[in-house]
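Spelled out, the chains give:
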There are 2 protein chains.
Amino acid sequence: MSKTNVIVAQSGGPTVAINASLAGVIAAATKSQEYETVYGSLNGILGILEDRILNLSDKVKKMPTFIDTLKVTPAMYLGSCRYKLPDYEDDDATYAFIFHQFKKYNIGAFFYIGGNDSMDTVSKLSSYGARIGSDIRIIGIPKTIDNDLLITDHTPGFGSAAKYVASSILEIAHDTYIYAVKSVTIIEIMGRDAGWLTAASALARNAYNSAPHLIYFPEVPFSKEQFLEDVKNELKTRNNVIVAVSEGIRDENGNYFSASKPTADQFGHAQLSGTGKCLEYFIKESIPVKCRSIELNVLQRCAAHISSLTDIEESFSLGQHAVTCALEGQTQCMLTLNRISNNPYTIKIETADIREIANEAKSIPREWINKAGNDIEPELFEYLSPLIMGEPSITYEKGIPVYLPVTHLKPEL
Amino acid sequence: MSKTNVIVAQSGGPTVAINASLAGVIAAATKSQEYETVYGSLNGILGILEDRILNLSDKVKKMPTFIDTLKVTPAMYLGSCRYKLPDYEDDDATYAFIFHQFKKYNIGAFFYIGGNDSMDTVSKLSSYGARIGSDIRIIGIPKTIDNDLLITDHTPGFGSAAKYVASSILEIAHDTYIYAVKSVTIIEIMGRDAGWLTAASALARNAYNSAPHLIYFPEVPFSKEQFLEDVKNELKTRNNVIVAVSEGIRDENGNYFSASKPTADQFGHAQLSGTGKCLEYFIKESIPVKCRSIELNVLQRCAAHISSLTDIEESFSLGQHAVTCALEGQTQCMLTLNRISNNPYTIKIETADIREIANEAKSIPREWINKAGNDIEPELFEYLSPLIMGEPSITYEKGIPVYLPVTHLKPEL
């Protein structure tokens, strides 16, 4: 059998672990006997459509530290996109062109690293491939800080975001506890539809810190009155109340609580901001106490200097395993993490049919949230704990972390 | 000469290095032959007034890792306060009580670690002490992330905040660069009256990253029109423009640009928020481009997991040196850092008369900011660079950093 090449791309919102999966693909494919060159498509599927293709095998040859530095670099080394493929029943020209490009680069396998929307692309492309009888393997590698993909136990990128959230909340607790005056601190955490990352705030708790004292999730309808009651109760027993709140909380009618009006992106997801600010206003109107809200913002998904070693290594393994799957002839699938046991923490990498996954979100099971809807149950703590373990070694130069640049940058940027 | 004890307290806003100075005081005083017990006053000078005094020598005896963990713990181990001493000409009862407490605990030296407002306390107390002929040494140890204290080359806590700002901006740049669409990202940085920390954003620049592309300081009057012009110009040559802005920017009449109305704290300082949000609105009404603002918020001053080793070690040395100064008979002074050379970076610890320091702020010299008022000059880069060097070793347990609790916490918190 003559050798083929592989192509890999990244898409959707950034995480700290998405380059680790890329590094895993590159490492396994360059080591394999069956694949010749590893190509990278710049800005997701757009790079294939616009012929912006990078030779990644060359990079590995030229830079001995390439794989190791790539593993800990945040966001997407190959750039990203938010491009939705049309339905091929309506318009198959785009599909025909993509497969034309695959042929031109002698592609044997295409790996797409991304979230829900990217898996939609994998699903459509592989389904089209099957229809035209293509033997190109098309495989999805998951990532999202939201941890809301179905089938997989958890998603690459989530553990690092969870570690950032937990560590930041512990540090904010220290900052808050120093004054002997009553205060409420509200910390807004990412997660449009699922409260996994908000739940991870509970990992900040240790022998001396019980913050966050209240946690609010998109999974439970949020009541302003109950929230104020909860805060008043907490203020009875402690000076400094710390509240973790998901950006995606909604009232019983499904309306978001945010200071600014939600608008929708290309995929119809609401774009939120200001939920923490909104709760700050609720407090300020009703309770005479010092109140501050803090939005953890994009650092949740890009603070690579405090990533989880468990997350980085799993993401790398998924990338490697995707290559193995392609070589075994698998296609139209997404790699998944299957938890075998919690103690010791053991996972197994498997694959799932891509059609089972795309465009559905996984919420926290209601029984993992307490009855009052303002804290997690021990089962959720146990689920979350192993995911933030370990610290990768980060190199610093002139006092700042060493990463690889996003490749679509021109030198003058 | 019979042995005396020492007492130490912390006050003002948190930094990552203020416990390193405390650790330095404790380490040097417990090692000295002249001092018996090291006491800590909880919540700054309030602990002395309310007799909430902790035996720190005991802590050292009981916990072998106490000094090392304290060195890297954020905020104040002893808690803080925002208490302003009355003028003793008006009310000397408070002073008399403080010196009564000193006598009760057989205090030979009092060390106060804090910023401008804390040095005001050191100044008043030592001046009162001189008037009543007390031989108790009263010494100030500086700290502030704002770097705006006079006489000292820089302030403990600033280097770590600067490292956090620079590293975060590099990570946000990665997050921003992934999309091939035009965008403006505004990053709001702390610093009420001085732009030192905002200037440190420039340390994020490396071989591939030129962000932040625009920097705005409190030292230069801010013009909305010029800002929009600057952004438009940057958008001509690059896709993703990153702007660093001080929370304290003002127009030519001295009015703050913030989305919320400034109120004043006990010391008359304006409390600001929303400057970044305000600039975001300016962009959104004038330039058709994706725009986001990010407030780095309190993590600038409490993210101990990414502190500067240079900062931590200097802060520790200042604490040790303060004890030496007290033993030498110095009083009514503040420790200072004097830069001997930049290359190699060498500093000398000295002392300055406390009356020269209190209640005045040090701005960036105008000649260290470029003519257009939107970037720094190379001299400022050289000044800042050595301060963020090195990374202290942080221990992690269950995935989060190990710190010492704020001591005024009750176990149930």
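Caption draft 1: The arrangement of helix α9 (residues 224-237) of chain A in detail. All names here are of chain A. Across its 14 residues, α9 extends 21 Å between first and last C-alpha, which sits within 8% of the 20 Å expected from 1.5 Å per residue. Buried within α9 are the following residues: Phe227, Leu228, Asp230, Val231, Glu234 and Leu235. One side of α9 carries all its buried residues, which in axial view fall inside an arc of 160 degrees. Exposed positions of α9 whose direction lies more than 90 degrees from the buried face are Glu225, Lys236 and Thr237. On its buried face, α9 is in contact with β6 (183-189), β7 (214-216), β8 (240-246) and α10 (275-286).

Caption draft 2: Molecular detail of helix α1 (residues 18-31) of chain A. With 14 residues, α1 of chain A extends 20 Å from end C-alpha to end C-alpha; this agrees with the ideal 20 Å at 1.5 Å per step. Burial within α1 of chain A is extensive, with twelve of its 14 residues counted as buried.

Caption draft 3: Inspection of the pairing of strand β13 (residues 345-353) of chain A at higher detail. Residue and element names in this part refer to chain A. As defined by bridge partners, strand β12 (residues 333-342) adjoins β13 across nine bridges and the pair is classed as antiparallel. Note that in β13 the partner of Asn338 across the bridge is Lys348. Between β12 and β13, which follow one another and run antiparallel, lie two residues.

Caption draft 4: Broad picture of the interface of chain B and chain A. Every contact between the two is made by 66 residues of chain B and, on the other side, 65 residues of chain A. Of the roughly 5,200 Å² buried between chain B and chain A on both sides combined, carbon and sulfur atoms contribute 61%. At the boundary of chain B with chain A, the tally comes to two salt bridges. Between Arg301 of chain B and Asp175 of chain A there is a salt bridge whose closest N-O contact spans 2.7 Å. In this structure, the connection of chain B to chain A is made through 19 residue pairs in polar contact (both at pLDDT 80 or more).

Caption draft 5: How the structure looks around the packing of aromatic side chains. Inspection of the entire model under this criterion finds 34 aromatic pairs over all chains. Measuring from centroid to centroid gives 5.5 Å for Phe66 of chain A and Tyr77 of chain A, while their planes differ by 80 degrees, and the two rings are edge-to-face. Highlighted residues: Phe66 of chain A in helix α4 (residues 66-71) and Tyr77 of chain A in the loop between α4 and α5 (93-104), separated in sequence by eleven residues. Taken individually, Phe66 of chain A and Tyr77 of chain A each receive the classification buried, so the pair is uniform in this respect. When the ring of Trp196 of chain B is compared with that of Trp368 of chain B, the centres are 6.3 Å apart and the planes differ by 85 degrees; the resulting orientation is edge-to-face. Here the residue Trp196 of chain B occupies a position in helix α8 (residues 196-199), and Trp368 of chain B occupies one in the loop between β13 (345-353) and α13 (378-384), the gap between them amounting to 172 residues. Residue classification places Trp368 of chain B among the partly exposed positions, given a relative accessible area of 21%.

Caption draft 6: Region of the structure containing the relation of the copies chain B and chain A. When chain B is fitted to chain A, the best match, at an RMSD of 0.0 Å, comes from turning it 180 degrees and sliding it 0.0 Å along the axis. Such a combination of rotation and displacement between the chain copies is what one expects of a two-fold axis. Comparing interface residues between copies, 98% of those in chain B also lie at the interface in chain A; the contact surface is shared.

Caption draft 7: Representation of the environment of Asn55 of chain B within the structure. Residue and element names in this part refer to chain B. Take Asn55: it is sitting in strand β3 (residues 53-55). Residues Asn55 and Gly40, spaced 15 residues apart in sequence, show a C-alpha to C-alpha distance of 6.4 Å. Here the side chain of Asn55 touches Ser57 through a polar contact of 3.0 Å, landing on its backbone nitrogen. Within the structure, Asn55 has its side chain in polar contact with the backbone nitrogen of Asp58 (distance 2.9 Å).

Caption draft 8: Seen up close, the sheet that holds β6 of chain A. Residues and elements named next belong to chain A. One open sheet holds the four strands; their spatial order is β7-β8-β6-β11, and the pairing between them is parallel. Two strands bound the open sheet, and with one partner strand each, they are β7 and β11 (290-295). Each neighbouring strand pair of the sheet contributes to a mean axis angle of 15 degrees, computed without reference to strand direction. Judged from the seven bridges that link them, β6 and β8 form a sheet pairing that is parallel. In the sheet register, Ile186 faces β8, and the bridge partner there is Val243. This element, helix α7 (residues 158-177), spans β6, β8 and β11 of the sheet and lies at about 165 degrees to β6.

Basis of the calculations
- Residues numbered from 1 in each chain as written.
- Chains lettered and ligands numbered in written order.
- Predicted model: local features only at pLDDT ≥ 70, side-chain atom pairs only at ≥ 80, totals over all residues.
- Heavy atoms only, no water.
- Helix = DSSP H or I, 4+ residues; strand = E, 2+ residues; numbered from the N terminus.
- Expected span 1.5 Å × (residues − 1).
- Buried < 20%, exposed > 50% of the residue type's maximum accessible area, 1.4 Å probe, protein only.
- Arc of directions from axis to C-beta.
- Contact = heavy atoms within 4.5 Å.
- Pairing = 2+ DSSP bridges.
- Buried area = accessible area lost by both parts, 1.4 Å probe.
- Salt bridge = Lys/Arg side-chain N within 4 Å of Asp/Glu carboxyl O.
- Polar contact = N/O pair within 3.5 Å; in protein donor to acceptor, adjacent residues only side chain to side chain.
- Phe/Tyr/Trp six-rings, centres within 6.5 Å; stacked < 30°, edge-to-face > 60°.
- Least-squares fit on C-alpha atoms with pLDDT ≥ 70 in both.
- Axes fitted to C-alpha atoms, helices over the stretch in contact; angles between N-to-C directions.

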